[in-house]
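# Per-entry structural report
The residues making up each chain are set out below.
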Amino acid sequence: MRTEGRLTTAMTNWLIVLLGLVAAWVLFWLLWPRPLARLFMAAERKQGRLSIRRVRQDGFDWHVLEGGHGEPLVLLHGFNGDGYHFARVSRLLGAHFRVIAPDLPGFGQTTFQGELDYDVESQARRVLALLDELGIERFYLGGNSMGGYVACALARLAPERVRALWLMNPGGLQTATLSPLFEVVYQGGHNALVVRNREDFQRLMDYCFVRPPWLPRPLARELADRAARHAERAQDIFDAIRFHSKPLEDLARGLDMPALIVWGQADQVLHPDGLKLLSECMPQAQTLLMPATGHLPMIEQPRPTAEAWISFAESAARRETREAARV
């Protein structure tokens, strides 16, 4: 009888512990998502073989994801994004490039004091200053959406430093057909890029993907809450990009460097006919239209997106070597 009593007590204790763990999990999963969100982000970094680097430079405390080996490849994220947008392609790119993915000021975990100008040329100058601090002179440069727009502005400011451009669904084209998202904006409706709550975040996800990747609920809630906390600043950044930045056509026109322009055929954020329009501005541009893909090809289709860039960059490097030998 004593043995049975001890077993019953032990089982009761284990049941209490199990129920406590379940209650804690429910608490974190539903009510306090931040700790679990950080665990998921750490897992994403590990999968991408990236590490966090903090860089203090001229009043900025940059949050940079870095990993891999080889020539530097600087990757700039889009509106409401951060360096984690490139974690999935970084796993594939790291064997060929040293990947550097900063959080642009105004987004992610890069911090600063005071107010900033957010037009794309100001952001491009900040990225150049960061690369100077890191001691990087020449580099490959890629960007998605707003990040592609900033990348073109940077290439215009310092063309001698950019070996080749990788533009994924870049923003800033003034003469392109309006996308479904921007049709709503131009009609005075709510701008889905300015996230005010968790429902807005889900609406933006629907715009961005054909087949949304699995996003753990705590991470989705944390990202939505972070964006909502900075909704006013996001609107200021959007206005600076829309009204106080040169059109992408002007920044890209005549950029005489190898460029790969990738666009998702089903992009609802920026109309895919921008692919042809932009390529006509750049004499060395090659294009890739990805079927059944939305606004973030490096997340939705990481392998074909990364492989297209690796092949293009290797071809561009061989061409650069032959031209240097002739000179």
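Just above, that's the structure.
What you see is a predicted model; the values in this text were computed from it and never measured. (Residues numbered from 1 in each chain as written. Predicted model: local features only at pLDDT ≥ 70, side-chain atom pairs only at ≥ 80, totals over all residues. Heavy atoms only, no water.)

Turning to the overall build of the protein, a few remarks are in order. On a plain count of helices and strands, the protein comes out with 13 helices and 9 strands. Out of the 327 residues in the protein, the part that is buried amounts to 51%. For the protein, the proportion of contacts with a sequence separation of at least 24, taken over those separated by at least 6, is 76%. A total of about 15900 Å² of accessible surface is found on the protein, and carbon and sulfur atoms cover 55% of it. (Helix = DSSP H or I, 4+ residues; strand = E, 2+ residues; numbered from the N terminus. Buried < 20%, exposed > 50% of the residue type's maximum accessible area, 1.4 Å probe, protein only. Contact = heavy atoms within 4.5 Å. Areas by Shrake-Rupley, 256 points an atom, 1.4 Å probe, with all protein chains shown as cover.)

Locating E222 in the fold gives a position in helix α8 (residues 217–229). Residue E222 is classed as buried on the basis of its relative accessible area, which comes to 12%. Considering only alpha carbons, one finds E222 and P35, 187 residues apart in sequence, at a separation of 9.4 Å.

Below, the discussion takes up unusual backbone geometry. With phi around 55°, R49 is a residue other than glycine that occupies positive phi space. Examined against the element boundaries, R49 turns out to sit in the loop between α2 (34–48) and β1 (51–57).

A few words now on helix α7 (residues 198–208). Regarding α7, the residues found buried are D200, F201, L204, M205, Y207 and C208. Down the axis of α7, the buried set is contained in an arc of 160°. They therefore lie on one face. Those residues of α7 that are buried lie in contact with α6 (180–186), α8 and α12 (297–300). Sitting at the head of α7, N197 places a side-chain oxygen 3.1 Å from the backbone nitrogen of E199. (Arc of directions from axis to C-beta. Polar contact = N/O pair within 3.5 Å; in protein donor to acceptor, adjacent residues only side chain to side chain.)

Ranked by internal contacts, the top residues of the largest apolar core, which has 101 residues, are L93, L165, M282 and W309. The leading source of residues in this core is helix α5 (residues 146–157), at 8 residues. Apart from the residues within four sequence positions on either side, W309 is in contact with L73, L93, F97, Y140, A164, L165, W166 and L260. (Core = buried A, V, L, I, M, F, W, Y, C linked by side-chain atoms within 4.5 Å.)

Below, the discussion takes up the packing of aromatic side chains. Taken as a whole and judged by the stated rule, the model has 12 aromatic pairs. Arranged with centres 6.3 Å apart and planes meeting at 90°, the rings of F40 and W214 form a pair that is edge-to-face. Placement of the pair is F40 in helix α2 and W214 in the loop between α7 and α8, with a sequence separation of 174 residues. By relative accessible area, F40 is classed as partly exposed at 23%. Relative to W309, the ring of Y140 lies with its centre 5.8 Å away and its plane at 85°, an arrangement referred to as edge-to-face. One end of the pair, Y140, is in strand β6 (residues 139–144); the other, W309, is in helix α13 (residues 302–326), with 169 residues separating them in the sequence. Each member of the pair, Y140 as well as W309, is classed as buried. Three or more aromatic residues joined by ring pairs make a cluster, and in this case those are F79, F107, F182, Y186 and F238. Above the plane of the ring of Y186 lies R242, whose end atom (NZ or CZ) is 4.5 Å from the centre. (Phe/Tyr/Trp six-rings, centres within 6.5 Å; stacked < 30°, edge-to-face > 60°. Lys NZ or Arg CZ within 6 Å of the ring centre and 35° of its normal.)

On to the side chain of S179. Residue position: S179 is located in the loop between β7 (162–168) and α6. If sequence neighbours within four positions are ignored, S179 has contacts with Q268, V269, L270 and H271.

The next point concerns the layout of surface pockets. In this model, the largest pocket occupies a volume close to 800 Å³. Taken together, 39 residues form the lining of the largest pocket, with N80, D82, H85, F201 and L223 sitting closest to its centre. If you list the elements that add at least two residues to the lining of the largest pocket, you get α2, α7, α8 and α9 (231–243). Taken together, the residues of the lining of the largest pocket sort by class into 24 nonpolar, 10 polar and 5 charged. In this structure, the second largest pocket spans a volume of roughly 490 Å³. Considering the residues around the second largest pocket, the lining is formed by 24 residues, among which G171, G172, L173, F182 and L270 are closest to the centre. At 3 residues, α9 tops the list of elements feeding residues into the lining of the second largest pocket. Broken down by class, the residue content of the lining of the second largest pocket amounts to 15 nonpolar, 8 polar and 1 charged. (1 Å grid on protein atoms, 1.4 Å probe; cavity = no way out; pocket = protein on both sides within 12 Å on 5 of 7 lines; lining within 4 Å. Points joined across faces, edges and corners; volume = space filled by probe spheres on them. Nonpolar A, V, L, I, M, F, W, Y, C, P; charged D, E, K, R; others polar.)

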